[in-house]
Amino acid sequence: MTRHSLVLAAQSNDPATRSRAIEAIAAAYWRPVYKYVRMKWNITPEDAADFTQEFFTRLLEKEFLDSYESSKGRLRTFLRTCADRLFMNQARDSKRLKRGVGSAHLSLDFMEAELELATELRSGSPEDSFDKEWVRSIFVLGLARLQASCESGGKLIHFELFERYDLEDADPKPSYAQLAAEFGLATTDVTNYLAFARREFRRCVLDQLREMTTSEEEFRREAQALLGVKFT
Amino acid sequence: MKSLSDRVVARLQADMQLPDLSGTRYSLLRYVACGGTGSVWLAEDTVLKRRVALKVLDLAAPADDFDVRLLREARILAVLEHPGIVPVHDAGTLADGRAFCCMKYVQGQTLAQHIATLNLPDRLRLLERIAEPLDFAHAHGFIHRDLKPDNVMIGAFGEVLVMDWGLAKVGVTSPEAGETEIATAVQPTQNSLRVTGQGSVLGTRGYMSPEQARGDIEVDHRSDIFSLGAILRFILTGSAPGELPAVSGSVPRPLRAICEKAMAADPNARYQSAREMTADITHYLNGEPVSAYPEGLLERSGRVFARHRTAVVLVAVYLIMRVLFILFARR
């Protein structure tokens, strides 16, 4: 898909196009939405899973996205506001859907999200958590792209090295020499392969972000938020 | 795809910002500072074995406009060879697609840090030295447009450097005829005109001239004179950038007048060159009248007395002695 197409496709009148686009948006946003409602309203995992399915069903039915205008704000903020509104409407009408009632369109691993919630350090507001989860989701989707790209390009070893060195939460990290011995490579190859994988990862993440934004300005602001590292 | 821990996400975020120096002669040492659209890194030039500063655009910076602007800054710095302007060594595009500019690494203090230990005359002499490279740039047809204390560094050897020419533009008219041919070598392209020329507001509030703040296209070198006046005000009040209170009554009136003239709303009412402004500062330091301040007879007498204190005292003593001698001689 080309730039800007994802959100526009999600607003399309063609059900198949819309469905594909919503699935892509859901891939980036279901975790933030799920964890956000769990934290903000302290609802049960079951209710949060139902709510998340219901939320993306509404997106699919164009109820939310039709009112989205990129000139008025970020998609990220818009979706969070929609989640708030949906929850409050449901609470007011006492019509919260029961699990599996007409809303199970997406295959989402809520169990895994629940496990993450249990192990993560909860700090900051639910809104901060939403943004943090969004960053994590974009990175995970960027990694999936990187893996696919490395596989198709015959560079799986580059990805495996990247996974081993940059994605594992080991402390201390393995040295390049250790990795070279482990993978049967020269140390300089490890250096070069990792540099390649990091450069490609950066490209994949930014490509992912471009698809999720609707204008250059939004992309820039979201990229700043995504890479919002303050060096000291 | 497995999930990523908070620590891994933070590490990936940090890694993504690191400039990819593969294929270049530079080796990354550490982060130095960040600006609006880029960051500055300390690196080693592995060929010449010296430390350099790498200015690298952010990944999030829009590619076209800022690439052009950074390249223009590099070219402007290459043209402006002056001891008060940080020299550029190299410019280009990194493997990750980001534009970069390699400059001399300046170790020293910002103006704000440096003036804290100086007395008023030394602060004023510092302003004269800030004006020198500015006057040089104006003579070559360039306008800085973002002159402020943060963009003035005092190097390890006491050299005063005007930094960050990222917003600089070629002036509408050069104050010195015959110098414009250098400026035309770095004339803005269509893209950079869009960024810096067509009515967009760029600069720093408090140090930006009114015409620049309005987004006027016809901003000329006198906009920098306003900023130089704002720096004088900062030097006189010692207040942090951005606060900028009015110059208080404790500041000598001639200096207040210089400041007010430099920061006049109408560019025609300002000093017409940095040199003209520093001439007034020099006059003040030498105890001479300044053009910005028409002094009264009493003030002039006071100034002349202050300037020629020893001679005046000697003459006065001589006259008193003479009168006393005459009086005693009559008795």
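Residues numbered from 1 in each chain as written. Chains lettered and ligands numbered in written order. Predicted model: local features only at pLDDT ≥ 70, side-chain atom pairs only at ≥ 80, totals over all residues.

I'm lost on the sheet that holds strand 9 (residues 160–162) of chain B in this one. Help?
What holds strands together in a sheet is hydrogen bonding between their backbones, with the strands either parallel or antiparallel. Residues and elements named next belong to chain B. As summarised here, the arrangement of the three strands in space is 6-8-9, forming an open sheet in which the pairing is antiparallel. Unpaired on one side and paired on the other, strand 6 (108–110) and strand 9 mark the two borders of the sheet. Taken pair by pair, the neighbouring strands of this sheet meet at an average axis angle of 30°, ignoring direction. Taken together, the three bridges between strand 8 (residues 152–155) and strand 9 define a ladder with antiparallel strand orientation. The partner of Ile154 across the bridge, within strand 9, is Val160. Docked against the sheet, helix 4 (residues 120–139) engages strand 8 and strand 9, running at close to 45° with respect to strand 9. (Pairing = 2+ DSSP bridges. Helix = DSSP H or I, 4+ residues; strand = E, 2+ residues; numbered from the N terminus. Axes fitted to C-alpha atoms, helices over the stretch in contact; angles between N-to-C directions. Contact = placed C-beta atoms within 7 Å.)

Got a minute to help me understand unusual backbone geometry in this structure?
A negative phi angle is the norm for most residues apart from glycine, just as the trans form is the norm for most peptide bonds. Unusually for a residue other than glycine, Asn42 of chain A sits at a positive phi of about 55°. On the secondary structure map, Asn42 of chain A appears in the loop between helix 2 (15–41) and helix 3 (45–60). One non-glycine residue with positive phi stands out, namely Lys49 of chain B, at about 55°. Its location among the elements puts Lys49 of chain B in the loop between strand 2 (38–45) and strand 3 (50–57).

What is the right way to read the interface of chain B and chain A from this model?
A common measure of how large an interface is: the accessible area buried when the components associate. On the side of chain A, 26 residues touch chain B, which itself brings 23 residues to the contact. Contributions of two or more residues to the side of chain B that touches chain A are made by helix 1 (6–17) and strand 1 (26–34) of chain B. The leading source of residues in the side of chain B that touches chain A is helix 1 of chain B, at 10 residues. Per-class residue counts for the side of chain B that touches chain A are 13 nonpolar, five polar and five charged. (Nonpolar A, V, L, I, M, F, W, Y, C, P; charged D, E, K, R; others polar.)

Can you help me understand helix 3 of chain A in this one?
For the α-helix, the turn length of 3.6 residues means that residues three or four positions removed from each other point alike. In this model, helix 3 of chain A (16 residues) spans 23 Å end to end at C-alpha, consistent with the 22 Å of a helix rising 1.5 Å per residue. If you check which residues of helix 3 of chain A are buried, you get Ala48, Ala49, Asp50, Phe51, Thr52, Gln53, Glu54, Phe55, Phe56, Leu59 and Leu60 of chain A. (Expected span 1.5 Å × (residues − 1). Buried ≥ 20, exposed ≤ 12 C-beta atoms within 10 Å, placed from the backbone.)

It is not clear to me how the environment of Val190 of chain A should be interpreted in this structure. Could you clarify?
All names here are of chain A. Considering the arrangement of structural elements, one finds Val190 in helix 9 (residues 187–212). Separated by 13 residues in sequence, Val190 and Ala177 have C-alpha atoms that sit 8.2 Å apart. In this structure Val190 touches Leu161, Tyr176, Leu179, Ala180 and Leu185, once residues within four positions along its chain are discounted.

I would appreciate a short explanation of the confidence of the model for chain B in the present structure.
In low-pLDDT segments, the atomic positions of the prediction should not be examined closely. Residue and element names in this part refer to chain B. On average, chain B scores 82 in pLDDT, and the residues at 70 or more come to 83%. For the stretch residues 173–199, pLDDT sits under 50, and the model shows 55 contacts to residues farther than four places along the chain or on other chains. The ipTM for the predicted assembly is 0.83, set against a pTM of 0.68. (pLDDT = per-residue confidence, 0-100.)

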